[in-house]
Structures are given as structure tokens and as C-alpha cells.
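Each chain, written out:
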Amino acid sequence: MSTSHAIVQGSVRFAILSVLSYAVWAFGGRMSTITLYTTTALVFVALSGPLLYPLLPPPGRLRKLYAVFVPGFIAYAALWCVGWFVIRAAAGEILGSAAGLAAFTIIIVLILRPRASFLAIFAILFTFHTLGYTIGGMCYYAANGQGILAPLLETHIALGRLLWGFFHGLGFGAGLGFAFSQSRPQKRG
């Protein structure tokens, strides 16, 4: 699988995973914050294997996927939560996200030994992730009657939450598709 194909596959596959995870928020009713975040993270982790394992080369794709994704995503989620709950607002999201994605990238580098450098993987993962997360956030606020996109979407909270998950997944998945594609042996010839 070429790098560009892995980026597209990563986007599509992680968008599905993200929408399923964000559905907990969209349709889960009233939950405590800790229950909501924990349940959402559990959906991400549990469904990551069946949806993302094709992005890694054989043999042992599912095992490698869980070896990278579980600690990587937990580190990302924990550091994002620290940013969001301690620093707060946009600064907290950005700093928590950057720290979490850096931790995820370290895990990718240590386990998959990719061809690309830590800095290249982190830069692409952070850029795609942040773009998807930001567009998703704009759609969420627009669906709730706020922001510059509000006239384009009807006010509907669940739709906004699912759109956030979709775009966040597209971006995060594109970055992971790139990162995982770098673990493939280079073709000779």
C-alpha cells in the first residue's frame, strides 16, 4: 500500500471509528464527564483493531496495531484531558493535543521503527489531526447555532457531535495512515 493510499484508508477507517466513538456523546444520554470520556475512549480502543489493522504490514498486523494503538491512544487521551481540564479552552486543547500526539508518536517510533523521523511523523500527525479536529469543532458549533458555519447547518446537537467525530476521525486517521505506512519495508527494485 502506497503512502497516499494509507492516508486515504486511514482517514476513512478512523472516521468510521471516530463517529462510532462520538456516538456515545451524541446519543448516550446524561453521563458524568468521567463516564462519558472513559466510555468514548473504550470504544476507540475496542474497535481500533478491526478497523485499523489493515494499515499495518503483515505478519501480526492485529497484534502490532493493538501494541501501538492502545498505549498511544490512552496517552493521547490522558494528555488531552489534562490540557482540557487543567489549562482549559483552546490553549488547553492545543497543548494537550500536542503533548498527547507527541506521546503517541514516540510509541509509534519505538514499536514500529518507521522509516520517517519522529519529527516528520509528529508534524504530519499533528497537522492532519488539528485540521480535522478544528473543522469538526466548527461543524459542531454551527449545528448548535454558533460560529461562521451556523447558517449552513440546522440546529441539532447530535448531528454536530457526529460531524465533529467524522472530521476529527478524517484528520487523525490521515495522520495515522501516514505514520503506519512508514513502518512498511521499502520496496526494492
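Just so you know, the residues in each chain are numbered from 1, in the order the chain's sequence is written. Residue-level local features of this predicted model are given only where pLDDT is at least 70; pairs of side-chain atoms are given and counted only at 80 or more, and the full residue set underlies all totals for whole chains, interfaces and linings. To get the side-chain values, take all heavy atoms of the structure and skip hydrogens and water.

The subject of this paragraph is the nonpolar core. Definition of nonpolar core: a set of buried residues of the types Ala, Val, Leu, Ile, Met, Phe, Trp, Tyr and Cys, connected through side-chain atoms within 4.5 Å. Throughout this description, buried means an accessible area under 20% of the type-specific maximum (1.4 Å probe, protein chains only), exposed means over 50%, and partly exposed covers the range between. Ranked by size, the top nonpolar core spans 33 residues in total, and within it Phe69, Phe73, Phe104, Phe172, Leu176 and Phe180 carry the most contacts. Sorting the residues of this core by element identifies helix H1 (3-27), helix H2 (33-52), helix H3 (61-87), helix H4 (89-112), helix H5 (118-143) and helix H6 (157-181) as the ones contributing at least two each. The biggest single contributor to this core is H3, with seven residues. Aside from chain neighbours lying at most four places away, what touches phenylalanine 180 is Leu55, Leu56, Leu65, Val68, Ile108 and Leu112. Each helix is a run of H or I in the DSSP string that is no shorter than four residues. Each strand is a run of E no shorter than two, and both are numbered from the N terminus. Contact definition: two residues touch when any of their heavy atoms are within 4.5 Å.

Time to look at the packing of H5 against H6. At a closest axis distance of 7 Å, the pairing of H5 and H6 adopts a crossing angle of 170 degrees. As summarised for this structure, H5 and H6 are arranged roughly antiparallel, according to the angle between their axes. Residue polarity is assigned by list, with Asp, Glu, Lys and Arg as charged and Ala, Val, Leu, Ile, Met, Phe, Trp, Tyr, Cys and Pro as nonpolar; anything else, Gly included, falls into the polar class. For the contact of H5 with H6, the class distribution of residues is 20 nonpolar, eight polar and one charged. In this analysis, axes come from line fits to C-alpha atoms, helices being fitted only over the stretch in contact, and the angle between any two N-to-C directions falls in the range 0 to 180 degrees. Oblique is the label for any angle not covered by the other classes, which are roughly parallel (under 35 degrees), roughly antiparallel (over 145) and roughly perpendicular (65 to 115).

Moving on to the packing of aromatic side chains. The description of two aromatic rings rests on the distance between their centres and on the angle between their planes. Pairs were defined over the aromatic rings of Phe, Tyr and Trp, the Trp ring being its six-membered one, requiring ring centres within 6.5 Å. Orientation was assigned from the angle between planes: stacked under 30 degrees, edge-to-face over 60, tilted for the rest. Going through the model one piece at a time under the given rule, you end up with 23 aromatic pairs. Ring geometry for tyrosine 140 versus tryptophan 164: centroids 5.2 Å apart, planes at 40 degrees, classification tilted. Taken together, the positions of tyrosine 140 in helix H5 and tryptophan 164 in helix H6 put the pair 24 residues apart, joining distant regions of the chain. The two residues tyrosine 140 and tryptophan 164 agree in class, both being buried.

Okay, the layout of surface pockets next. Both site types are read off a 1 Å grid over the protein atoms alone. A 1.4 Å probe that fits but cannot get out defines a cavity, while an open set with protein on both sides within 12 Å along at least five of seven lines defines a pocket; lining residues have an atom within 4 Å of a point. Grid points are joined across faces, edges and corners, and a volume is the space filled by probe spheres set on the points. For the largest pocket, the calculated volume is near 790 Å³. Tyr22, Tyr37, Thr40, Trp80 and Cys81 are the residues nearest the centre of the largest pocket, which is lined by 26 residues in total. Where the lining of the largest pocket is concerned, the elements lending two or more residues are H1, H2, H3, H4, H5 and H6. Of the residues in the lining of the largest pocket, the class split is 21 nonpolar, four polar and one charged. Taken as a whole, the second largest pocket spans an internal volume of roughly 230 Å³. Around the second largest pocket, the lining is made up of 13 residues, and of these Glu93, Ile94, Thr130, Tyr133 and Thr134 lie nearest the centre. Secondary structure elements with two or more residues in the lining of the second largest pocket: H4 and H5. Considering each element in turn, the lining of the second largest pocket owes the most residues, eight residues, to H5. Considered class by class, the residues forming the lining of the second largest pocket number seven nonpolar, five polar and one charged.

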